[in-house]
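Fold and geometry: a report
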Amino acid sequence: MDAKKLLVATAATLLGLVLIVVVILAPASTTIACAPPSGAAAGAIAPAGTLVKPTASDTTTDSSGFGPRWGTVHQGIDRAGPVGTPIYAFTDGRVAEAGEAAGFGHWIILDHEIDGRTYSTVYGHMFADGVLVSAGQHVSAGQEIGKIGNDGESTGAHLHFEVWEGARLPDGAGTAVDPAPWVAKAAEPGTAAQPQTSSSPGAGTGGLNAAQLALAKQTVAIGEAMGVPEQGIVVALATEGQESTYRMLASSNVPDSTNYPHDGIGSDHLSVNQFQQQVTIWGTTEELMNPVTANIKFYTALLKIPGWQSMAVTDAAQAVQGSGHPGAYADDEPLARQLYAQFKGARADLTADDLAAIANNGTGAVATAVVDGGTAPGACTPPASGTSGGPTFVPGGPFGANVIAAASRWIGTPYAWGGGDSSGPTRGISDGGGAADANGDTSKTGFDCSGLTLYAVFQASGGKITLPHYTGDTSNPGQLGDPRGQQIPFEDKQPGDLIYFGSGGNTHHVGIYTGTEGGQDMLLNAPQSGQTVSIMPLSGWAGEDMYVRRFG
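What comes next concerns the included structure. (Residues numbered from 1 in each chain as written. Predicted model: local features only at pLDDT ≥ 70, side-chain atom pairs only at ≥ 80, totals over all residues. Heavy atoms only, no water.)

1. Regarding the nonpolar core
Generally speaking, soluble globular proteins have nonpolar side chains that are buried together. The biggest cluster of nonpolar side chains holds 47 residues, and the ones touching the most others in it are L237, Y246, F298, L302 and L339. Listing elements by their share of this core, those giving two or more residues are α3 (210–225), α4 (230–244), α6 (291–303), α7 (313–321) and α8 (333–343). Not counting the four nearest positions on each side in its chain, L237 is found in contact with A216, T219, V220, Y246, A336, L339 and Y340. (Core = buried A, V, L, I, M, F, W, Y, C linked by side-chain atoms within 4.5 Å. Buried < 20%, exposed > 50% of the residue type's maximum accessible area, 1.4 Å probe, protein only. Helix = DSSP H or I, 4+ residues; strand = E, 2+ residues; numbered from the N terminus. Contact = heavy atoms within 4.5 Å.)

This is the structure:
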């Protein structure tokens, strides 16, 4: 293999399609950082979607709750503390507004996607110098975004914090909900390693991660290959920033879209991919979940618009997208121009086959772009025996490699209690008022731990092995006691083996051993409610009994 390229071919092999790769020079030994389980060793990157309290509990006091107050409705909660106390981003998101606001003095509004739905968080009463972010900026969970002030209609220094189901802007677009239950389940700032921000070593432009940068680079390369001038490529990049924050999104309203590589699941009508193009309007699911074809369709539509070259970026993007918020793309232009400057000339990394496929409108192509050790779509690639490249699914091929390959296609899929069967992710079920219900698992489509392993083993066995949807204990053998599984000493484990965790034969969790990465044993698993299918260090389960089973 050409040392210039790292190929991640799982999806292409499964679908029998041509693989197009947009590349950047990177050493083959580059490791991929994946989310650790709660309690994992310090220094690991926090998973996307982590919730972090907006202020540290030891520096602030809850002073006013959500609900009726002084003849009106108090739409948030107040956390009182000294002027200058740090304010943190509640979770990953994009700054929708930052500056002066009536009543708030100065505020910050972040827009987020949580479990496929749009939410906003609002932070109020900062002084002007206490606003540390700007509109259009992408922020990470736990990133310091402001400092407590006493500006506007305020009776003392505090943070006024709101959570909205749906977007906070424009006014009335969403609904304010009580933030207290959300804050109660969030981590304290600084208790776990936080994702890198744009000022952190190794972080990407605008705070984007490697997978997001990969999609952005791909858009530049394809635009250049099609002869689109700089202004058109910036329009495309700004559109991706607004519509998906540079992520390949499947849709809960288009179930078959989850069968393709993706970075997350949205729920906006039938919209999919990085541009949120609607199935049936823009093309088939197969076409639109191909990021190369999605780019080509966007550029083709743009180039047909009379006079687009002289339009403002937001107007040109709106002419293509027909958004209900015509000015939404304007604040994405600065980052789009930065990304274009960073990746200008990316066409040179395309092969002759890549260019031929682009000239053929991307027919039959599935793109996997590689940037600084990250891949897109999908933030993590399962390691195989210490390498950074994951195994390819080969029907009838090595069983363990096929187990990993089958499960790895769902990396980034939400955890859903009771979710998953031999066909893929399913809707979660109630756990009777426990963590699953608290995290809304009944409204999610995804996997729990044993749902993911039963799917992977079923696929790897060609449908011959259907495991129970239960890990197993002394009263119910479940997967642990299934006679088709061979007991393996822990020291003899191999990639593709299943590892069960518990004590005295009573297990509560299972994952797929994927080999070593950077000297650490790694586990591909659906960890727990509120997280997603991920690859994590096995050390996160240190102290538990571990039972290894080999199927196939």
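There's more to say after this.
2. Let's talk about the pairing of strand β9 (residues 117–126)
With 8 of its 10 residues buried, β9 lies for the most part within the structure. In this sheet, strand β12 (residues 158–165) lies alongside β9 in antiparallel orientation, the contact comprising 6 bridges. The residue of β12 that forms the bridge with S120 is W164. (Pairing = 2+ DSSP bridges.)

3. A look at the sheet that holds strand β23 (residues 486–488)
Hydrogen bonding along the main chain pairs the strands of a sheet, whether they run parallel or antiparallel. With antiparallel pairing, 6 strands are arranged side by side in an open sheet as β23-β28-β24-β25-β26-β27. Two strands close off the open sheet at either side, each with one partner strand: β23 and β27 (534–537). Between one strand axis and the next, the sheet turns by 40° as a mean value, whatever way the strands run. Two elements, β23 and strand β28 (residues 545–550), share 3 bridges in a ladder whose sense is antiparallel. Residue pairing across strands places Q486 opposite R550, the latter belonging to β28. (Axes fitted to C-alpha atoms, helices over the stretch in contact; angles between N-to-C directions.)

4. Some thoughts on the side chain of Q479
If you trace the backbone, Q479 turns up in the loop between α12 (449–460) and β23. For Q479, a relative accessible area of 0% gives the class buried. For Q479, the side chain forms a polar contact with the main-chain oxygen of S450, separated by 3.1 Å. Contact partners of Q479, with chain neighbours within four places excluded, come to S450, T453, L454, L467, P468, Y470, T471, G472, L498, Y500, V510 and F551. (Polar contact = N/O pair within 3.5 Å; in protein donor to acceptor, adjacent residues only side chain to side chain.)

5. Considering the packing of aromatic side chains
Applying the stated criterion across every chain, the model contains 11 aromatic pairs. Ring geometry for F104 against W107: centres 4.9 Å apart, planes inclined by 45°, an arrangement best described as tilted. The burial state of F104 is the same as that of W107; both residues are buried. Taken together, the aromatic side chains of F90, Y119, Y123, F161 and W182 make up a single cluster linked through ring pairs. When the ring centre of W182 is taken as origin, the NZ or CZ atom of K185, which lies over that ring, is 4.9 Å away. Looking at K493, its charged tip hangs above the ring of F490, at a distance of 3.9 Å from the centre. (Phe/Tyr/Trp six-rings, centres within 6.5 Å; stacked < 30°, edge-to-face > 60°. Lys NZ or Arg CZ within 6 Å of the ring centre and 35° of its normal.)

6. Here we look at the pattern of salt bridges
Here the structure, examined in full by the defined rule, presents 11 salt bridges. Of the charged contacts, one joins R337 and E230 as a salt bridge, the two residues approaching to 3.9 Å between their closest N and O atoms. Taken together, the residues span a long stretch of sequence, with R337 in helix α8 and E230 in helix α4 at a distance of 107 residues. Residue R337 is classed as partly exposed on the basis of its relative accessible area, which comes to 29%. For D482, the salt bridge is made with R484, and the minimal N-O distance between the two is 2.9 Å. A relative accessible area of 8% places D482 in the buried class. Where salt bridges share partners, they join E230, E333 and R337 into one cluster. (Salt bridge = Lys/Arg side-chain N within 4 Å of Asp/Glu carboxyl O.)

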